Each structure stands twice: as structure tokens, then as C-alpha cells.
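# Chains, contacts and geometry: an overview
So you can see what is in the structure, the chains are spelled out below.
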Amino acid sequence: MAIDTIWVLAEQQDGAPVPTALELLTQARAMAGTVKAVTWGGGAEGLAGTLGEYGAQVVYDLGDLGGKLPGPLVAAALAERVRSGDQPDAIFVPTTYDGRDIAGRLSARLDVPVLTNVVGLVEENGELHSEHAVFGGTQIVTARFTGARPGIFVIRAKSFPAESAGGGPASVETLTVPEVGAVSAASVQQRHVEERSGPKLDEADVVVSGGRGLGAAEHYALVEELARLLHGAAGASRAIVDAGWVPYSHQVGQTGKTVKPTLYIACGISGATQHLVGMKGAKHIIAINKDPEAPIFSVADLGIVGDVHKVLPKLIEALKARS
Amino acid sequence: MNVVVCAKQIPDPAAPPALDPERHTLVRDGKLILDDSDAYGVEMGLQLAGDDGEVTLVSMAPNGEVSGLRTALAMGAAKAILVSDEALRGTDALGTAKVLAKAIERVNPDLVIAATESTDGYTGTTPVQLAELLGLPSVTFAKKVTVEGGKVRVERQTEAGYDEVECPLPCVVTVTAGVVEPRYPSFKGIMAAKSKPVEQLSVADLGLSPDEVGFGGARQEIVSVAPAEERGAGEIVTDEGDAHERIIQFLEQLKLI
Ligand SMILES: Cc1cc2nc3c(=O)[nH]c(=O)nc-3n(C[C@H](O)[C@H](O)[C@H](O)COP(=O)(O)OP(=O)(O)OC[C@H]3O[C@@H](n4cnc5c(N)ncnc54)[C@H](O)[C@@H]3O)c2cc1C
Ligand SMILES: Cc1cc2nc3c(=O)[nH]c(=O)nc-3n(C[C@H](O)[C@H](O)[C@H](O)COP(=O)(O)OP(=O)(O)OC[C@H]3O[C@@H](n4cnc5c(N)ncnc54)[C@H](O)[C@@H]3O)c2cc1C
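Residues numbered from 1 in each chain as written. Chains lettered and ligands numbered in written order. Predicted model: local features only at pLDDT ≥ 70, side-chain atom pairs only at ≥ 80, totals over all residues. Heavy atoms only, no water.

Chain B has the name Electron transfer flavoprotein subunit beta in an unreviewed UniProt entry, where Aciditerrimonas ferrireducens is given as its organism. Taken directly from UniProt, the Sequence similarities (unreviewed entry) text for chain B runs: "Belongs to the ETF beta-subunit/FixA family." The UniProt entry for chain B carries the following comment under Subunit (unreviewed entry): "Heterodimer of an alpha and a beta subunit." (UniProt positions renumbered as here; feature names shortened; annotations may be inferred.)

As recorded by an unreviewed UniProt entry, chain A carries the name Electron transfer flavoprotein subunit alpha/FixB family protein and is attributed to Aciditerrimonas ferrireducens. In its Function (unreviewed entry) section, the UniProt record describing chain A reads: "The electron transfer flavoprotein serves as a specific electron acceptor for other dehydrogenases. It transfers the electrons to the main respiratory chain via ETF-ubiquinone oxidoreductase (ETF dehydrogenase)." The record held by UniProt for chain A lists under Sequence similarities (unreviewed entry) the comment "Belongs to the ETF alpha-subunit/FixB family."

With that settled, the discussion passes to the site of ligand 2. Neighbouring residues of ligand 2: 30 residues in total, closest Lys-8, Thr-91, Thr-96, Ser-118 and Thr-123 of chain B. With respect to ligand 2, the chains having nearby residues are chains A and B. The contact in question runs from an oxygen atom of ligand 2 to an N or O atom on the side chain of Asp-38 of chain B, over 2.7 Å. With respect to ligand 2, the side chain of Ser-118 of chain B contributes an N or O atom lying 2.4 Å from an oxygen atom. Within the complex, the protein chains bury 91% of what would otherwise be the 920 Å² of accessible surface of ligand 2. Elements represented by at least two residues in the shell around ligand 2 include exactly strand 7 (114-124) of chain A together with strand 4 (55-60), helix 3 (93-105), strand 6 (111-115) and helix 4 (126-134) of chain B. (Near = heavy atom within 4 Å. Polar contact = N/O pair within 3.5 Å; in protein donor to acceptor, adjacent residues only side chain to side chain. Areas by Shrake-Rupley, 256 points an atom, 1.4 Å probe, with all protein chains shown as cover. Helix = DSSP H or I, 4+ residues; strand = E, 2+ residues; numbered from the N terminus.)

So, on to the site of ligand 1. Residue and element names in this part refer to chain A. Among the 28 residues in the neighbourhood of ligand 1, the closest are listed as Ser-237, Thr-255, Ser-270, Gln-274 and His-275. A distance of 2.9 Å is found between an oxygen atom of ligand 1 and a side-chain nitrogen or oxygen belonging to Gln-251. Against a free-state accessible area of 990 Å², the protein chains account for coverage of 83% of ligand 1. Among the secondary structure elements, those contributing two or more residues to the shell around ligand 1 are helix 6 (238-242), helix 7 (273-279) and helix 8 (308-322).

Another aspect to go through is the sheet that holds strand 9 (residues 139-145) of chain A. Read across the sheet, 10 strands follow the order 11(A)-5(A)-4(A)-1(A)-6(A)-10(A)-7(A)-8(A)-9(A)-12(B) without closing on themselves; strand pairing throughout is mixed. Looking at strand neighbours, the two that pair on one side only are strand 11 (171-174) of chain A together with strand 12 (220-227) of chain B, the edges of this open sheet. Direction aside, neighbouring strands of the sheet carry axes that sit 35 degrees apart on average. Note: strand 5 (residues 58-61) of chain A against strand 11 of chain A, four bridges, orientation parallel. Residue pairing for strand 11 of chain A: Val-58 of chain A is matched across the bridge by Ser-171 of chain A. Helix 2 (residues 44-53) of chain A contacts strand 4 (34-39), strand 5 and strand 11 of chain A of the sheet and is inclined by roughly 145 degrees relative to strand 4 of chain A. (Pairing = 2+ DSSP bridges. Axes fitted to C-alpha atoms, helices over the stretch in contact; angles between N-to-C directions. Contact = heavy atoms within 4.5 Å.)

Right under this line is the structure:
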């Protein structure tokens, strides 16, 4: 059985498809002849250019969802479409908050399983096999679906490069969202956007992250200062996000952002497996930690056994003196 | 208000994990403990249930395991339902959701709480699959939860910050770490937990057919397990007051400065 058609969920953010959607379109067009993107939230015509450029021939547009959480509505619309006979072989879903909601709902509606935390895909005898990094990325598990298609794959950011195919805009087809009753009763009352300056964490060339080893919230300023001097973004371990030192949007790791910068600098971070999966893909890694046994050193190209309160201020001074 | 909290019992995360050499599933032979991720749910549930309601735990685990449930009962949950059955070996996330849904239907709660993802499997879809099977709305990734006038109000994490989401009860909410600070069980709580009811059910008790769960029901399999490409450890420098100079050199080599 060949892979003919793949659908890619193209969630949007600030009026553009999320970067992972473009990565998944790039991968989908290498694996299937027909690639369709699915959008919601309005403005599909404006997205069709980019989605087409990355490989979508068609955009299924669900339109504005009126402030409802997308999970149940997008899943219901897609399930209806599949039941009507328009069957893709696979559905690629970016690992985002809404993406996970849609994948879970769609899986239950269609009664097909999901494979999540996918970091790679290969084709074997006309079948898709997914790769999953487990145990802190030390082992790669390869999995496959054994039942009816479509297979739903929830795929992590930066698993594939996004490359333009130079195609023209995709054609937009409107899908109606069915009435689903109580399951879609959750609605957004207000959005809060945290202020941010400098490059985005998941797009920055340099990421400087801080962890519990900083000792107190106010010392995070050292991390921000170093990031600023290197024209990078400031990240964090979950420990200091949970402690309320920095907003969640800074979190790097399994439940936070996946980053793949040229350089990642980990300051006072132990290197728990859930942190490593979010940053191990960096080209170069520097770690500063006072414990020579800290697991972060096992992935660092340059490991500094030392106190962040001594090393960082001197480093910042030296960089300032050069600029 | 009556709250169901999904309480997963997992192998101690501090111990090195292992995969079954034949079917490649996680080995869960030893004693299991309450997943830390669910301790937040238990605490949230206890706070929301208030004096006129109670928290019922629902768990699926092998070998009639109750150690993790006792921890949550000691925190203050009133009772527990444990689904344990040899037929459940190899169940995937959707199958798990089917089992939890059947168990939860027996309680008919106002609110169901789960974690956004577990520590050991971290599939992260089980609670939403569960919500769909129960025909309930859901709000995932909650960092703050309050209930007022038959509605739950949630601060839900987003890429850019957070959304204020409102949802009528009954519904499913998944909580992140940091939503509340879990209490430590008191000595009194630990003693009381010993006599709290734990109802143990099998797949047949739930009215599920054995082919909906277990390896057969999963309709997915692990083909292989291989070591990942290793990232070799690099140079280690012990700071003698001049380590920043080595970092500067490194930055120069990368042409970042
Ligand atoms: C389901 C789940 C999901 C998770 N998701 C994530 C995630 O997305 N991201 C994430 O980061 N974590 C995640 N975690 C948490 C993870 O397991 C760790 O608890 C967390 O990463 C630890 O953060 P830390 O390294 O800052 O703190 P710690 O582990 O406490 O480490 C602090 C380090 O600082 C060092 N240190 C102390 N003082 C100094 C000093 N003066 N100078 C230099 N070094 C010093 C110490 O030696 C230590 O190594 C998750 C956990 C679970 C269960
Ligand atoms: C490394 C690894 C990768 C896996 N990948 C997949 C995959 O891609 N797709 C798939 O279908 N299965 C997968 N599985 C199997 C899956 O973990 C189990 O089938 C499973 O029972 C769902 O558990 P979870 O912890 O992953 O669920 P999650 O969705 O991460 O759980 C979220 C929350 O749901 C509740 N919950 C989940 N399970 C229980 C339970 N048994 N009792 C009580 N509450 C519970 C808890 O509140 C939990 O925190 C994987 C397992 C492992 C070990």
C-alpha cells in the first residue's frame, strides 16, 4: 500500500503558519503525491501562498471558530470528511497545545490510535514508520500503525527542516464545521501576550538558558544580559518556570520549546532528560555548572565546572569591553 | 463538587527505565508510585471539591498496584477505582482512555482532572481522548483553575502567554506542574488512607471487550529500538577565575563575536 495523500494541520500564529507546519509540509511532499493543509481561525486566503510554497496543493479551511477552543471542532470537521470517503493515508500534527487537543479528539472520533512525540519519519514498504526519542534521547524507538488508516502522527518541532518548494499558492476549499454540542463549550475569553524583545526563542541563533543553579529570580538578569550581548534569546529550565521566576514561554524541553540554535549556553541547569530533549539538537553546547557530575556535561562541547555567579559576570564584562 | 482525578502509578523515575526486550513496552514490575504530574491534579481536586464534595481517584495499573493510590488517598482523596487486568498489558493511549472513561462514567463527576502528560509515557493525548469518549468539553494546559457558578475558569498556557478560558461543568481539565503546590500527606492522612475504599475492577466489569484494549486493541507496535547517535562529551574546564576567557575563545571560533 502506497502513501498517496497526507494532510498537515497548519495552525496559525500572528497571521502566519506556525514554523512546524512548514517543516511538516516539507516532509509530507517528500513522502506523498498529494498534500493538503488544514487551517482554521480565518484568513486562509492569506496563508494559501505560504502553504502552497511549502508543498500544499489544497488548503482545507474551517474558517473562524468564534473564540472556541479548536480541538473538538477541527477534529469533528476532519472526522466527518474522512467518513465521507476523503481518506488521507496520514495526518501530520505539529506538537502544539491545540495540535495535541485536535489529535486526541480526532483519534477518539475515528477510533484510530495516535503516535506522539515523533521526531523522525521513514517510509518502509509503503508504510510510514515513526521515530521517537526515549530515555532522554539515548534510544530511538521506531513504531508503526497496524490498523486502518489514517495514521495520526503528532510531530515535534524541528524534526525536519522547512524548505520552500517554490510552488504557487494552494487552492482553498471551505469545510463546514459540524454542530458538536457540549464538547465544544470551552471558549477563550481573553488572550494575554507576554512582552518579548529580541529574537524568538525557537528561532534564535544563540540561546542562553538559566536553571535553578542561578539561586534566585533576580539572577536571571545575568542570563538575559548575556543573551542580549550575543543577539540571542533567553531560555529556562522548567524548575525556574514552575518557581515563577520567568514566564512559561521561556521554557525549553519536553513540555516547553524545542530549540536548535548554533549555540546553546546552559547556566546552572542539571541536564534532566526532559530538558535535554528540547536542546540536544543545538549545533554547539556550552554548560556552566558547579557539579562536575551534572548530566548536562555529557552533551556539552565546552563544559565549565564553576559557579555561575563568578563566571557569568566576568563573561558579560569581557563581552561588553569588546563591543 | 465531586471531582475525579486520574492518578497514574508509574515506576520510580529515579530508577533507570527499561524496555521489555520482546514487545518493547516499558517494564513495570516493581513497586509503582504516584506520578508527580498527578500529585498536582490531586491537590487541585482537593481544593476545588471543597467541604461538600469529594475526590475520587481513577487509575489503571498492573498487578493490582495501590501504592500510588494510597499516597493520593493520604493527601485527602476519599476513595479510588483501580482497573487492573492482565488483558490490559500493551494498552495504548486510546485504549487507556477507553478504560478510564468507563470507570469515570460510574462516578458521574462534575469535573475530571488529569495531568497534561505523564512522566513515563508522556503521550499527552489520553485526557483529551477521554473527554471525547465521555462527550465532555476539555481545557488543557491549565496553570490556574477556579470554579464559579457551574463554570470552570482556566488560565491556559499558549505559545505567546496564556488565554483565559471558560467552560461549563462537567468537563475535563488537564493541569501543568505549578498549578498548585501539592501537600505532603500528614501522619493522620497516611493512617486514614489505609482504610479508604479502593474498588478493583476488571476489563469485563467495565463492559469493555478484551480486543479493545491490550496489545490487540493498540493497533500500533514498536518495530525496533536502537541507541541514538551519541553526542560526545567535549572539553571540561574547571574555573580558576579565568574560564570566561575560554568561553570567549569558543565564541570567536564560532564567529559569534
Ligand atoms: C513530565 C515532565 C516534563 C518535564 N518537562 C520539562 C521541560 O520541558 N523542561 C525542563 O527543563 N524540565 C522539564 N521537566 C523537569 C526536569 O525533570 C527537571 O526537574 C528540570 O529540568 C530541572 O531544572 P534545573 O536543571 O534548573 O534544576 P536542578 O535539577 O535543580 O539543577 C540545578 C543545577 O544547578 C547547579 N548549580 C547550583 N548552584 C550553582 C551555581 N552557583 N553555579 C553553577 N551551577 C549551580 C546544580 O549543580 C544543578 O546541576 C519535566 C519533568 C517532567 C516529569
Ligand atoms: C516512551 C513511550 C512512548 C509511547 N508512545 C505512545 C504513542 O505514541 N501513542 C500511544 O498511543 N501510546 C504510546 N505509549 C503508550 C502509552 O504511554 C500508554 O499506552 C498509556 O497507557 C498512556 O499513557 P501516557 O502516560 O503516555 O498518557 P498521557 O497522555 O501522557 O497521560 C496524561 C494523563 O492522563 C492520565 N492517565 C494516563 N494514563 C493513566 C492511567 N493508567 N491511570 C490513570 N490516569 C492515567 C494521567 O493524569 C496522566 O498524567 C508510549 C509509551 C512509552 C513508554
